[in-house]
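# Per-entry structural report
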Amino acid sequence: PVFFFTSAGTFIFGICTSLSRSFVEFLCFRCAVGIFLGGNLPIDVSIFLEWTPTKWRDKGSIFLTGWSIVGTLFANLLGSFLLQHHQVENKPNELMSTNWRWFVVCLSLPSL
């Protein structure tokens, strides 16, 4: 139940971050995401290593860390694709402000 609770909290507050209307709301929602994510990390490692046979635990923890690196690379590639600077028509000095919202939504989906 705790793993589900922390994953659901990460997802819900991640989506709320993308819907934030002010910088204060953005900071509050990101803080909540950090709290739930910080609660999730030790739980998922504990569950993973608890169900892994004893002779495979060292390799399993390395495997789990490797997938963390893959997730980081994916987030960087997604960010470089979604957060490109697009100019608004007829206003060359203004940038579109909605791409970061889609980026946050895409990063929240894996916790669903």
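Predicted, not measured: the structure shown is a model, and the values here were computed from it.

## With respect to the packing of aromatic side chains
What the rule picks out here adds up to six aromatic pairs. Their ring planes at 20 degrees and their centres at 6.2 Å tell us that Phe23 and Phe26 sit as a pair that is stacked. You can see Phe23 and its partner Phe26 sitting in helix H2 (residues 23-51), three residues apart, about one turn around the helix. Clustering of aromatic rings is evident, with ring pairs tying together Phe5, Phe13, Phe29 and Phe36.

## Section: a nonpolar patch on the surface
Among the surface-exposed residues, Phe3, Ile47 and Trp51 lie close enough to one another that they form a single nonpolar patch of about 360 Å² accessible area. With respect to the helices and strands, Trp51 occurs in helix H2.

## Some words on the side chain of Thr17
Counting through the fold element by element, Thr17 comes out in helix H1 (residues 2-18). Judged by its relative accessible area of 0%, Thr17 is buried. Looking at Thr17, its side chain comes within polar contact range of the main-chain oxygen of Phe13, at 2.7 Å. Residues within four places of Thr17 in sequence aside, it is in contact with Phe26, Phe29, Arg30, Val33, Trp100 and Val104.

## Focus: the packing of H1 against helix H4 (residues 99-108)
Helices that pack against each other are described as a pair by the angle of their axes relative to one another and the distance between those axes. One can describe the packing of H1 onto H4 by two numbers: an axis separation of 8 Å at closest approach and a directional angle of 175 degrees. Between H1 and H4, the interaxial angle falls into the category roughly antiparallel. Taking contact as the criterion, the partners of Phe11, Gly14, Ile15, Thr17 and Ser18 in H1 are, on H4, Trp100, Arg101, Val104, Val105 and Ser108.

## Quick notes on the packing of H1 against H2
Look at H1 against H2: their axes get within 8 Å of each other, and the N-to-C directions meet at 155 degrees. The angle between the axes of H1 and H2 places the two elements in the roughly antiparallel class. Where H1 crosses over H2, the handedness of that crossing is left-handed. Contacts from Val2, Phe3, Phe5, Thr6, Ser7, Gly9, Thr10, Phe13, Gly14, Cys16 and Thr17 of H1 reach H2 at Phe26, Phe29, Arg30, Ala32, Val33, Phe36, Leu37, Gly39, Asn40, Ile43, Asp44 and Ile47.

## Observations concerning the pattern of salt bridges
In total, this model carries one salt bridge according to the counting rule given. In this structure, Glu25 and Arg21 form a salt bridge, with 3.4 Å as the shortest nitrogen-oxygen distance. On the accessibility criterion, Arg21 (74% relative accessible area) is exposed.

## What about H2?
Its 29 residues place the ends of H2 42 Å apart at the C-alpha level, agreeing with the 42 Å of an ideal helix rising 1.5 Å per residue. Every buried residue of H2 is accounted for by Ala32, Val33, Phe36 and Asn40.

## Side note on H4
Looking at H4, one finds that the buried residues are Asn99, Phe103, Val104, Val105 and Ser108. Contacts made by the buried residues of H4 are with H1, H2 and helix H3 (57-82).

Cut-offs and rules
Residues numbered from 1 in each chain as written. Predicted model: local features only at pLDDT ≥ 70, side-chain atom pairs only at ≥ 80, totals over all residues. Heavy atoms only, no water. Phe/Tyr/Trp six-rings, centres within 6.5 Å; stacked < 30°, edge-to-face > 60°. Helix = DSSP H or I, 4+ residues; strand = E, 2+ residues; numbered from the N terminus. Patch = residues over 30% accessible without salt bridge, like charges linked within 9 Å, V, L, I, M, F, W, Y side chains within 5 Å. Areas by Shrake-Rupley, 256 points an atom, 1.4 Å probe, with all protein chains shown as cover. Salt bridge = Lys/Arg side-chain N within 4 Å of Asp/Glu carboxyl O. Buried < 20%, exposed > 50% of the residue type's maximum accessible area, 1.4 Å probe, protein only. Polar contact = N/O pair within 3.5 Å; in protein donor to acceptor, adjacent residues only side chain to side chain. Contact = heavy atoms within 4.5 Å. Axes fitted to C-alpha atoms, helices over the stretch in contact; angles between N-to-C directions. Parallel < 35°, antiparallel > 145°, perpendicular 65-115°, else oblique. Left-handed = near helix turned anticlockwise from the far one by under 90°. Expected span 1.5 Å × (residues − 1).

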